[in-house]
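For reference, the chains in residue letters:
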Amino acid sequence: MKLYVYDHCPYCVRPRIIAGLKHLPLELVYPLNDDEQTPISLVGKKLVPILIKENGEPMGESLDITTYLDNLDGKPMLSESVRPEIQQWFDDVSSYYYRLLHPRCVKLGLPEFATQGAIDYFVNKKSARIGDFNENLTNSDTYIERLTQDLARLETLIKTENSLNDSYSYEDILVFPMLRNLTMVKGLVFPSKVKTYLDNLAQASQIPLYQGI
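Residues numbered from 1 in each chain as written. Predicted model: local features only at pLDDT ≥ 70, side-chain atom pairs only at ≥ 80, totals over all residues. Heavy atoms only, no water.

Examining the overall build of the protein
When you go through the protein residue by residue, the secondary structure sums to ten helices and four strands. In summary, the protein has a C-alpha radius of gyration of 17 Å against a globular reference of 17 Å for 213 residues, a match within 12%. Principal-axis analysis of the C-alpha atoms gives the protein an extent of 50 × 45 × 30 Å. Each of the 213 residues in the protein was classed as buried or not, and the buried ones make up 50%. Long-range pairs, those at least 24 residues apart, make up 73% of the contacts in the protein with a sequence separation of at least 6. (Helix = DSSP H or I, 4+ residues; strand = E, 2+ residues; numbered from the N terminus. Rg over C-alpha atoms; globule rule 2.2 N^0.38 Å. Buried < 20%, exposed > 50% of the residue type's maximum accessible area, 1.4 Å probe, protein only. Contact = heavy atoms within 4.5 Å.)

Let's talk about helix α10 (residues 192-205)
In this model α10 runs 20 Å from its N-terminal to its C-terminal C-alpha over 14 residues, within 8% of the 20 Å that 1.5 Å per residue would give. Residues of α10 that are buried include every one of Val194, Tyr197, Leu198, Leu201, Ala202 and Ser205, and no others. The buried residues of α10 occupy an angular sector of 125° when the element is viewed end-on, so they sit on one face. Exposed residues on α10 whose side chains face more than 90 degrees from its buried face are Ser192 and Gln203. Summarising the contacts, the buried residues of α10 are in contact with α1 (10-21), α8 (140-155) and α9 (170-182). (Expected span 1.5 Å × (residues − 1). Arc of directions from axis to C-beta.)

A short note on empty space enclosed by the protein
Gaps left between atoms are located by rolling a probe of water-molecule size over the structure's atoms. One pass over the structure, following the stated rule, counts two cavities of 30 Å³ or more. Empty space within the largest cavity amounts to approximately 60 Å³. Around the largest cavity, the lining residues are Pro10, Tyr11, Arg14, Phe90, Ser94, Tyr97, Tyr98, Leu174, Pro177 and Met178. Mapped onto the lining of the largest cavity, the elements with two or more residues apiece are α1, α4 (84-94) and α9. When its residues are assigned to classes, the lining of the largest cavity shows eight nonpolar, one polar and one charged. In this model, the second largest cavity occupies a volume close to 40 Å³. (1 Å grid on protein atoms, 1.4 Å probe; cavity = no way out; pocket = protein on both sides within 12 Å on 5 of 7 lines; lining within 4 Å. Points joined across faces, edges and corners; volume = space filled by probe spheres on them. Nonpolar A, V, L, I, M, F, W, Y, C, P; charged D, E, K, R; others polar.)

Structure, rendered in structure tokens:
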């Protein structure tokens, strides 16, 4: 099977988590960010992730792909429960954290930004949503301060060192991709329990973090 992804895309990390946990053979394909033709030819619109099933059929939508992969062996691993507190945390952080991430991800040498055209496409598209990239970088301290408080709140919700709840669940599918992306933010300090959870799930799912880049 093939999975079309952008490395920086948190939605693309969702199916990668369950594929890594279950050691599913999955070839990752990284289209350029300005490549509209490939995804449109597969699912009718520009989006990722896109799974190409073993029968060649394409599937879009990150949670649908995650569920499909989790049920391939008839032994789903993920609990479907998501605590309201986790959903609220996800919604709160989603409202601003792209202002930290979008200006940074184009600077990391990721495969979807291998050309200047791909970078320009992304910058132009996302600037319309979050405003000027350089201005957002200048305001990083404000967002980091807010995020530090939200990460402290998340720490109180972590139940084990390996999963947010008592076992792997869709809480991890929602939250881990966000935390993984936040490792590209220099100066952000993760609380101890959050860092342990992040490191453990990164290792278990075989998804590298951005720390050190």
